[in-house]
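For reference, the chains in residue letters:
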Amino acid sequence: MASGKTLTISLMDPPYESETTTTVLRIIDAALRRGHNVNVFAYEGAVALPLKTQAAHPNPVKGTTAEEQHHPTTSGFISALFEAARAGGAKLDWVNCGLCVDERGATDWIEGVRRGGPADFVKMAQESTNTLVIGTR
Amino acid sequence: MAHYLLIESRDPYEYGDPAQFADLALDLAEAGNQVTFFLIQNGVLVTRKGAKAATLEKLRNKVTVLADEFSLRERGIKPDRLASGVRTSHVDQLVDMLMADGCKAVWH
Amino acid sequence: MARYLSVVERAYHGTLEEQDDTILWVNHMFKNAGADVSLLLRSNAVNYAVKGQDASGLTFGKAALDVPPTIDHDVEELIKAGASIYAVEEDLADRGIDKSELIAGVKVVGRREVAKLFDQHDQIWHW
């Protein structure tokens, strides 16, 4: 059931470089399960998180095929979060910072993500119950 | 008076800053605020009994110290090896705190 | 209107490729979008408050970084735009930075005063 509350999160880490990325996905998942709307402002390297060109790969050290390894893609997890939001009646709004997208060529993203900028983050922060900014190291 | 939710994702072994973040927690509490210090990711490395954890010693009994259950389990820190003064928590509780009125959340 | 305090800690992280510090930059954009945002420089980021930072002259083969970052200028512009910029005194001292080296308008605060700064703002954005 929708809570009527909204959490805004800003993150910066690119995929596969920091545990913070997984933690943010956990927070989004928990917030959606609790019926909260979630805004995400993906800044800098984080704009690569929802790229639909990510591909799973085998693991030659473990001797597994791509199917057996079932290597996660961050975009796969984010797609699942969009689906969870829809199923639960909550809203997930994911904004990729446009200039960060341009300089990285990170333009091919999954359905649901939209292009935006810092002004979107300000609006999100002003209209949310709370805002969590997560920097990068 | 606010409720400060200070989320510490870093450990003091790799970084020098967690010590100052812990000092800030104490200053905020001294100023009359409610403070929760939520350890997550490598931040939980200070919670193993016997760890050199000056930050945890400072915070114990002065602010609420919580540690993310998944981060603990991921690092093999079992419940019976958890230092005193630390309670186990989870991101669900983290979200509940984030969404409560008057919460000021700071990620480190 | 809500008052935001952006805490900047890391420094010179991708600044050459980006031609600026991405956190100082985005906070200037927040200011332009109407947000009441102040900045606290702590840890290595206190070095951003130093006059005379010069990142010019880099070349890679025949490719030149001919528009280098000018972070001291960016800090001055943020102050001109009305943002309060604070730097932690002990972090400056740890790095041997004398107050005479600081950009005009940067306010120095003691580490123990940071809690009070936090209390004076509605949200703390720690980058």
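Refer to the structure above for everything that follows.
Starting from 1, residues in each chain are numbered consecutively following that chain's sequence as written. To read the labels, note that chains go from A and ligands from 1, taken in the order they are written. This being a predicted model, a pLDDT of at least 70 is required before a residue's local features are given, and a value of 80 or more before pairs of side-chain atoms are given or counted; all residues contribute to the totals for chains, interfaces and linings.

J.: So what about the overall build of chain B? Which residues, and what values?
T.: Helix and strand assignments follow DSSP, with helices taken as H or I runs no shorter than four residues and strands as E runs no shorter than two, numbered in order from the N terminus. Looking only at helices and strands, one finds 4 helices and 5 strands in chain B. Every radius of gyration here is taken over C-alpha atoms, with the globule rule written as 2.2 Å times N^0.38, N being the number of residues. Taking 13 Å as the expected radius of gyration for a compact globule of 108 residues, we find that chain B reaches 13 Å, a close match to that expectation. Dimensions of chain B, computed from C-alpha atoms along their principal axes, come out at roughly 35 × 25 × 20 Å. Put simply, a residue is buried when 20 or more other C-beta atoms lie within 10 Å of its own C-beta and exposed when 12 or fewer do; between those, it is partly exposed, and each C-beta is set from the backbone. Within chain B, the proportion of its 108 residues that are buried is 47%. Our contact criterion uses C-beta atoms placed from the backbone: two residues qualify when those atoms are within 7 Å. In chain B, 72% of the contacts between residues at least 6 apart in sequence involve partners at least 24 apart.

J.: So what's going on with the interface of chain B and chain A? Residues and values would help.
T.: Contacts between the two partners involve 12 residues from chain B, matched on the other side by 16 residues from chain A. Elements supplying a minimum of two residues to the side of chain B that touches chain A: α4 (91–98) and β5 (103–107) of chain B. Broken down by element, the side of chain B that touches chain A gets its largest block of residues, 5 residues, from α4 of chain B. Within the side of chain B that touches chain A, the residues separate by chemical class into 9 nonpolar, 2 polar and 1 charged. Each residue is assigned to one class: nonpolar for Ala, Val, Leu, Ile, Met, Phe, Trp, Tyr, Cys and Pro, charged for Asp, Glu, Lys and Arg, and polar for all the others, Gly among them.

J.: Residues and numbers for α4 of chain B, please.
T.: Residues Val 91, Leu 94, Val 95 and Leu 98 of chain B constitute the buried set of α4 of chain B. Along the axis of α4 of chain B, the buried positions cluster into a sector of 100°, meaning they face one direction only. What the arc describes is the spread of directions from the helix axis to the C-beta atoms.

J.: Tell me about the interface of chain B and chain C, and please be specific about residues and values.
T.: Each partner contributes residues to the interface: chain B has 10 residues there, and chain C has 12 residues. Mapped onto the side of chain B that touches chain C, the elements with two or more residues apiece are α1 (18–30) and β5 of chain B. Element by element, the count of residues in the side of chain B that touches chain C is highest for α1 of chain B, at 4 residues. For the side of chain B that touches chain C, the class distribution of residues is 5 nonpolar, 2 polar and 3 charged.

J.: So what's going on with the nonpolar core? Which residues, and what values?
T.: With 110 residues, the main nonpolar core has Ile 9, Ile 28 and Ala 42 of chain A, Leu 6 and Ala 25 of chain B together with Leu 41 of chain C as its most contacted residues. Counting residues per element, this core draws most heavily on helix α1 (residues 19–33) of chain A, at 7 residues. For Ile 28 of chain A, the contacting residues outside a window of four places in its chain are Ile 9, Val 38, Val 40 and Leu 81 of chain A. In this description, a nonpolar core means buried residues of the types Ala, Val, Leu, Ile, Met, Phe, Trp, Tyr and Cys, linked to one another by C-beta atoms lying within 7 Å.

J.: Residues and numbers for helix α3 (residues 74–88) of chain A, please.
T.: All names here are of chain A. Over its 15 residues, α3 runs 21 Å from end to end, which matches the ideal 21 Å to within 8%, given 1.5 Å per residue. Buried within α3 we find Thr 74, Ser 75, Ile 78, Leu 81 and Ala 85. Seen from one end, α3 has its buried residues packed into an arc of 110°, which puts them on one side. Exposed side chains of α3 directed beyond 90 degrees from the buried face belong to Ala 80 and Ala 87. Close packing links the buried residues of α3 with α1 and β3 (92–97). Backbone geometry just after α3 places Gly 89 at a positive phi near 75°. The span you would expect from a helix comes to 1.5 Å times its residue count less one.

J.: Which residues make up the sheet that holds strand β2 (residues 37–42) of chain A, and what values do they have?
T.: All names here are of chain A. A pair of strands is considered paired only if DSSP assigns at least 2 bridges between the two. Spatially, 5 strands are ordered β4-β3-β2-β1-β5 in an open sheet, and the strand pairing comes out parallel. The two strands at the open ends of the sheet, each matched to only one other strand, are β4 (113–116) and β5 (130–133). Direction aside, neighbouring strands of the sheet carry axes that sit 20° apart on average. Strand direction decides the pairing type here: strand β1 (residues 6–11) and β2, joined by 6 bridges, are parallel. Across the sheet, residue Ser 10 finds its bridge partner in β2, namely Phe 41. A fitted line through C-alpha atoms serves as each axis, taken over the contacting stretch for helices, and the angle formed by two N-to-C directions is quoted from 0 to 180°.

J.: I'd love a proper account of the sheet that holds strand β2 (residues 34–39) of chain B, names of residues and values included.
T.: All names here are of chain B. Pairing in this open sheet of 5 strands is parallel, and the strands run β4-β3-β2-β1-β5 from one edge to the other. Strand pairing shows two members of the sheet lacking a second neighbour, β4 (87–89) and β5, which therefore form its edges. Adjacent strand axes in the sheet meet at a mean angle of 25° when their direction is disregarded. When strand β1 (residues 3–8) meets β5, the two strands line up parallel, connected through 5 bridges. Considered in β5, the bridge of Leu 5 is made with Ala 105. Its contacts with the sheet put α1 on β1 and β2, and the angle it makes with β1 is roughly 170°.

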